[in-house]
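In case you want the letters, here they are:
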Amino acid sequence: MNDRSASQPPDQNAPFRRLHPLSIVLRSIGTLGQNLFAIVVLHFSLLDRNFLHSGLAAAALIALVIGVTALIWSRFTYQVTAREIRIKSGLLNRNNRSIPFDRIQDVSLEQKLVSRLLGLATVTLETGSGGGEDGQLDALSRTDAEMLRDTVRDYKAGLDADFAPDQDQLAREDRPPLFAMDNRRILIAGLFNFSFVLLAILGAVAQNLDFLLPDDYFDPRYWLTVLPEREMIDGYSFWMRIAGALGAILALVTVGLVSGIVRTLIREYSFRLDKVESGQPGFRRRRGLFTLTDMVMPMHRIQAAVVQTGPVREYYGWYHLKFLSLAGDSGGETDHSAAPCATLAEIDPILEHCAIHRTASDLAFHPVSPAFWWRSAIIVTLLLAAGALGTGFYLHRGFFALILLALPIGGYLFLNWRHHQYALTDSQLFVRSGWWRRRLVMLPRRKIQTVEVSQSPLDHPFALATVTIGIAGGAAARPLRIKDIALDRAMDLRRALVNSQNRP
Amino acid sequence: MVIRSLFLLALGLAAEIALLVQLGTSPGVILVPVALLALVQVLVLPGRIYRRWGYDMGDEQLRVLRGFLWRTDTIVPFNRIQHIDVAQGPLQRMFGLSTLIVHTAGTHNSIVTLPGLATADAEAMRETIKGHIRQDMI
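Residues numbered from 1 in each chain as written. Chains lettered and ligands numbered in written order. Predicted model: local features only at pLDDT ≥ 70, side-chain atom pairs only at ≥ 80, totals over all residues.

**Quick look at the overall build of chain B**
So, point 1. When you go through chain B residue by residue, the secondary structure sums to five helices and six strands.
So, point 2. The secondary structure elements of chain B, listed N-terminal to C-terminal, are α-α-α-β-β-β-β-α-β-β-α.
So, point 3. Burial analysis of chain B (138 residues in total) assigns 18% to the buried set.
So, point 4. In chain B, 39% of the contacts between residues at least 6 apart in sequence involve partners at least 24 apart. (Helix = DSSP H or I, 4+ residues; strand = E, 2+ residues; numbered from the N terminus. Buried ≥ 20, exposed ≤ 12 C-beta atoms within 10 Å, placed from the backbone. Contact = placed C-beta atoms within 7 Å.)

Put into structure tokens, the structure is as follows:
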């Protein structure tokens, strides 16, 4: 893979460049925003609400912040050579980092609201080396950022980075996207993105503003004493109270729906997925309402595809397509979202481009052992029974009803078992899991890193085993697992998986 | 294991004294079972666990077996290994032993360790694996 560098003179004396000067402003605003609060606090406490003193302090702070930011800026240089990018940074501790283009997993451009106004973009180079920031250039002008991205992209194809293929770029803009979401689709995605985050925020606000509320507002005992005294509530009929309770539930659901839609809108606004033709083939994704992100991931870095859905979503035919790669998505997600709300007919062409195939309809999935659900169900029932007996005898007889919880939990486990299946084809492994959060992982067999067969003490009597497959990507806490299959089948499966990928 | 047993014994002793002072239970009500458990941990389990420890260098892959109650059996194909360490702790150095550590790119099982190899063996294995590592498998 390094033949190219031999044929081309290594561009060692490319100029060292600085970030865009406006990035000083950008950084300063960020830092000031955090410290402004301190000034406000000082204004009220130490400076006796004297506006002159506070103003002086604020001016000093602004000068200090801008000065330090400018100093850091002046000591931050980067160099783009033919094979790698070098970043020198640090005031006292100088750091000299070099990132070979070979190791870059994906390049993303991000524009927050202020950066958009200033025409800047932050370039993030992901190498997948565990730590969060591998190479971040915060910030370059938009054109410089795009040029850098194209340099990395074109590196492997042997294109010269100097002539930016402008016509090419324009031609691609006109081509229809692989997948795009209009506002109606975003609304649908938002409906399924039901969340109580807004409610939690409201709760937090209420907590912090609790000096406005009566002292015991969050104390249930306060309400127990107050409520019965209210003639108003006692006066209502039985049905009115039911209506009140329903209204409260409806309000909760509305809050959940609205917050889901708003969150989805902010993140996925004008979602667009394109195919990158020039240079390394790959995908390019643009999205965002306030913060625009523009990410390019090379096709060969994609380790596996995941299709997620839920019972209701599946009924209406909506699926969420994600790609696993070593680099994580922005905002702490470990998977790259490629189509947040799409029909299967829309997902197929996307998968077609990265040589991952969805299951043929006649492909027979193998179920896992029924012990998957009944063993857990028995354990849960025993625990619940112990809890119910303990609390029932010592606290209140009503607690005996705790045992009834075993039924829904058992049912849920049973449904989960029904939805945990796997299938193996010549080139891919399919693993399906979860009833409520349905996940179908499609893993090309040559992307498998390690295969582990493990048995817990509870597995030995039933000769069961769990197969865990190591992939270069995805969350470490939630690896790809086929749980509770017979030990000999696990061994056979592993043999097949390991053999298939030893062939180059 | 010895260290874990000592820790368990200390915990048991603390609980024993606490109960003795607070409730006036008869001596040994906790300490005896705990001591038995510790004895099992020291005498029985290490042998079992040692017997389950195993490895197999195939032509193309390394297989590592471990664990007595919680058993795992891992296969790492050589061409998926990113880099290899041979490490030695002070106790291991006394007995001329080494630990072979292979790193893969996977997020699960990214580090597979194989302790208690004779140093010469570990180094030979490292050389074998090194020959199989190819560039840029991910």
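There is more to say, and it comes next.
**A word on the overall build of chain A**
So, point 1. Counting its secondary structure elements, chain A contains 16 helices and 21 strands.
So, point 2. The buried share of chain A, taken over its 504 residues, is 27%.
So, point 3. Looking at chain A alone, contacts between residues at least 24 apart form 58% of all its contacts between residues at least 6 apart.

**Let's talk about the packing of helix H7 (residues 183–192) of chain A against helix H11 (residues 238–268) of chain A**
Relative placement of two packed helices is described by the angle separating their axes and the distance separating the axes.
Residues and elements named next belong to chain A.
So, point 1. At their nearest, the axes of H7 and H11 sit 7 Å apart, and the two run at 130° to each other. In terms of axis orientation, H7 runs oblique to H11. Crossing handedness for the pair H7 and H11: right-handed. Each of Ile186, Leu187, Ala189, Gly190 and Leu191 in H7 lies in contact with H11, whose residues at this interface are Leu257, Gly260, Ile261, Thr264, Leu265 and Glu268.
So, point 2. When its residues are assigned to classes, the contact of H7 with H11 shows seven nonpolar, three polar and one charged. (Axes fitted to C-alpha atoms, helices over the stretch in contact; angles between N-to-C directions. Parallel < 35°, antiparallel > 145°, perpendicular 65-115°, else oblique. Left-handed = near helix turned anticlockwise from the far one by under 90°. Nonpolar A, V, L, I, M, F, W, Y, C, P; charged D, E, K, R; others polar.)

**Comments concerning the pairing of strand S1 (residues 54–57) of chain B**
So, point 1. Relative to strand S2 (residues 61–66) of chain B, S1 of chain B runs antiparallel, the two being bridged by four bridges. Across the sheet, Gly54 of chain B pairs through a bridge with Leu65 of chain B, a residue of S2 of chain B. (Pairing = 2+ DSSP bridges.)

**Thoughts on the nonpolar core**
Residue and element names in this part refer to chain A.
So, point 1. Ranked by internal contacts, the top residues of the largest apolar core, which has 87 residues, are Val123, Leu140, Ala304, Leu321, Val441, Leu443 and Val467.
So, point 2. When residues of this core are assigned to their parent elements, the largest contribution, five residues, is made by strand S20 (residues 464–471).
So, point 3. For Val123, the contacting residues outside a window of four places in its chain are Val107, Leu109, Leu137, Leu140, Ala145, Leu148 and Arg149. (Core = buried A, V, L, I, M, F, W, Y, C linked by C-beta atoms within 7 Å.)

**Concerning the domain arrangement of chain B**
So, point 1. Taken domain by domain, chain B comprises domain 1 (2–43) and domain 2 (54–132).
So, point 2. The gap between the C-alpha centroids of domain 1 of chain B and domain 2 of chain B is 37 Å. (Domains from an automatic or database assignment.)

**Digging into the domain arrangement of chain A**
By convention, interface size is frequently given as the accessible area that disappears when the constituent parts associate.
All names here are of chain A.
So, point 1. Parsing chain A into structural domains produces domain 1 (191–268), domain 2 (302–368 + 420–502) and domain 3 (371–417).
So, point 2. Relative to domain 3, the C-alpha centre of domain 2 lies at a distance of 31 Å.
So, point 3. Of the residues lining the interface, nine residues belong to domain 2; the matching set on domain 3 comes to six residues.
So, point 4. Grouping the amino acids of the side of domain 2 that touches domain 3 by side-chain chemistry returns five nonpolar, two polar and two charged.

**Remarks on the interface of chain A and chain B**
So, point 1. Facing 24 residues of chain A, the contacting portion of chain B comprises 21 residues.
So, point 2. For the side of chain A that touches chain B, the elements supplying multiple residues, two or more each, are strand S19 (448–455), S20 and helix H16 (487–502) of chain A.
So, point 3. Per-element accounting of the side of chain A that touches chain B gives the leading share, seven residues, to S19 of chain A.
So, point 4. Taken together, the five bridges between S19 of chain A and strand S3 (residues 71–77) of chain B define a ladder with antiparallel strand orientation. Directly across from Val453 of chain A, in S3 of chain B, lies its bridge partner Asp73 of chain B.

**What to know about the sheet that holds strand S2 (residues 77–80) of chain A**
Residue and element names in this part refer to chain A.
So, point 1. Pairing in this open sheet of four strands is antiparallel, and the strands run S1-S2-S3-S4 from one edge to the other. One side of each edge strand has no neighbouring strand; the edge strands of this open sheet are strand S1 (17–18) and strand S4 (95–100).
So, point 2. Summarising the sheet, S2 and strand S3 (residues 84–89) pair through four bridges and their orientation is antiparallel. Bridging from a neighbouring strand, Tyr78 pairs with Ile87 of S3.

**So, the pairing of strand S6 (residues 111–118) of chain B**
So, point 1. The pairing of strand S5 (residues 97–104) of chain B with S6 of chain B spans six bridges and is antiparallel. Among the inter-strand pairings, Ser98 of chain B is bridged to a residue of S6 of chain B, identified as Leu117 of chain B.

**Considering the confidence of the model for chain B**
So, point 1. Here chain B averages 79 in pLDDT, and 88% of its residues register 70 or above.
So, point 2. Across the predicted assembly, pTM comes out at 0.76 and ipTM at 0.76. (pLDDT = per-residue confidence, 0-100.)

**Notes on the sheet that holds strand S17 (residues 428–433) of chain A**
Backbone hydrogen bonds are what pair the strands of a sheet, in a parallel or an antiparallel way.
So, point 1. Pairing is antiparallel in the open sheet, where seven strands are placed in the order S14-S13-S12-S18-S17-S16-S15 (chain A). Every other strand in the sheet has two partners, leaving strand S14 (336–342) and strand S15 (366–367) of chain A as the edge strands with one partner each.

**A short note on the confidence of the model for chain A**
All names here are of chain A.
So, point 1. With 82% of its residues at a pLDDT of at least 70, chain A reaches an overall mean of 79.
So, point 2. A low-confidence stretch, residues 1–10 stays under pLDDT 50, and its non-local contacts, those more than four residues away or across chains, total eleven contacts.
So, point 3. Counting interchain partners and residues more than four positions distant, the pLDDT-below-50 stretch residues 159–167 has eight contacts.

**Digging into the packing of helix H2 (residues 22–44) of chain A against helix H3 (residues 51–74) of chain A**
Residues and elements named next belong to chain A.
So, point 1. Put simply, H2 and H3 touch, their axes get as near as 9 Å, and they point 150° apart. When the axis of H2 is compared with that of H3, the two are roughly antiparallel. Read as a crossing pair, H2 and H3 show a hand that is right-handed. Of the residues in H3, those touching H2 at Ser23, Ile24, Arg27, Ser28, Thr31, Leu32, Asn35, Ile39, Leu42 and His43 are Ser54, Ala57, Ala58, Leu61, Ile62, Val65, Ile66, Thr69, Ala70 and Trp73.
So, point 2. In the contact of H2 with H3, the residues fall into twelve nonpolar, seven polar and one charged.

**Some remarks on unusual backbone geometry**
Residue and element names in this part refer to chain A.
So, point 1. Its identity is not glycine, yet Ala463 carries a phi of approximately 50°, on the positive side.
So, point 2. As for its position among the elements, Ala463 is in the loop between S19 and S20.
So, point 3. Its identity as a non-glycine residue notwithstanding, Asp484 has a phi of 55°, on the positive side.
So, point 4. In this fold, Asp484 is placed in strand S21 (residues 480–486).

**Digging into the environment of Gly310 of chain A**
So, point 1. By secondary structure assignment, the location of Gly310 of chain A is in the loop between strand S12 (304–309) and helix H12 (311–316).
So, point 2. Distance from Gly310 of chain A to Phe192 of chain A, taken between C-alpha atoms, is 8.8 Å for residues 118 residues apart in sequence.

**What to know about the environment of Arg75 of chain A**
All names here are of chain A.
So, point 1. Here Arg75 shows up in the loop between H3 and S2.
So, point 2. Overall, Arg75 belongs to the partly exposed group, with 14 C-beta atoms counted inside 10 Å.
So, point 3. Setting aside residues up to four positions removed in sequence, Arg75 forms contacts with Ser89, Gly90 and Leu91.

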